[in-house]
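# Inside the fold
Okay, here's what each chain looks like letter by letter:
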Amino acid sequence: MPKHQAYPAAFREQLVALVQAGRSPEELAKEFEPTAQTIRNWVAQAERDRGTRTDGLTTAEQREVRELRRQVRQLTLERDILSKAAAWVARETGTIPKASSEDSRS
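In what follows, the accompanying structure is described. Remember, predicted model here, so these are calculated numbers, not experimental data.

Looking now at the overall build of the chain. The helix and strand tally for the chain stands at 5 helices and 0 strands. A buried classification covers 16% of the 106 residues belonging to the chain. Across the chain, the fraction of contacts at a sequence separation of at least 24, relative to all contacts at a separation of at least 6, is 26%. Working note: accessible area of the chain is about 8,800 Å², and carbon and sulfur atoms make up 56% of it.

Written out as structure tokens, the structure is:
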């Protein structure tokens with residue numbers, strides 16, 4: 001399923017400003033393309049980013065979580081590759097690697 005095209009940040013900011021100026025999300029949804037719920041979500045996120053709401057992550061925190069998850073995926077992949085390579089080398093050479101310091105503590 002293709003990802004939907006995101007609205008430009010300036011457009012979202014303008015609609016958030018209109019809601020803060022007193023217009024309802026429902027009214028704006030009739031005039032513009034996004035749904036009223038989408039506009040309410042943008043308003044809530046803008047409030048989190050400003051620190052006036054604490055019921056979720058800020059945009060910067062969301063970005064950081066995405067980056068950390070990406071890094072975890074990459075490190076997991078690298079660890080799995082190294083583990084398989086070590087097992088292959090051990091089979092090919094007929095040797096068993098010494099236990100790591102972590103294994104000896106257990």
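That was the structure; now back to the text.
Looking at the largest pocket, its volume works out to about 580 Å³. Taken together, 17 residues line the largest pocket, and the ones lying closest to its centre are Arg12, Trp42, Gln45, Thr59 and Gln62. Taken together, the elements giving at least two residues each to the lining of the largest pocket come down to helix H1 (9-20), helix H3 (36-50) and helix H4 (59-93). The dominant element in the lining of the largest pocket, judged by the number of residues it contributes, is H3, at 5 residues. For the lining of the largest pocket, the per-class residue count stands at 6 nonpolar, 5 polar and 6 charged.

With that settled, consider the nonpolar core. With 9 residues, the main nonpolar core is built from Phe11, Leu15, Val16, Val19, Leu28, Ile39, Trp42, Val43 and Ala46. Residues contacting leucine 28, with those up to four places away along its chain left out, are Leu15, Leu18, Val19, Arg23 and Ile39.

Before going further, it helps to examine the side chain of glutamine 45. Looking at where glutamine 45 falls in the secondary structure, it is placed in helix H3. Ignoring anything within four residues of it in the chain, the contact list for glutamine 45 reads Leu57, Thr58, Thr59 and Gln62.

Calculation notes
Residues numbered from 1 in each chain as written. Predicted model: local features only at pLDDT ≥ 70, side-chain atom pairs only at ≥ 80, totals over all residues. Heavy atoms only, no water. Helix = DSSP H or I, 4+ residues; strand = E, 2+ residues; numbered from the N terminus. Buried < 20%, exposed > 50% of the residue type's maximum accessible area, 1.4 Å probe, protein only. Contact = heavy atoms within 4.5 Å. Areas by Shrake-Rupley, 256 points an atom, 1.4 Å probe, with all protein chains shown as cover. 1 Å grid on protein atoms, 1.4 Å probe; cavity = no way out; pocket = protein on both sides within 12 Å on 5 of 7 lines; lining within 4 Å. Points joined across faces, edges and corners; volume = space filled by probe spheres on them. Nonpolar A, V, L, I, M, F, W, Y, C, P; charged D, E, K, R; others polar. Core = buried A, V, L, I, M, F, W, Y, C linked by side-chain atoms within 4.5 Å.

Without other data, these values stay purely geometric and don't point to any function.
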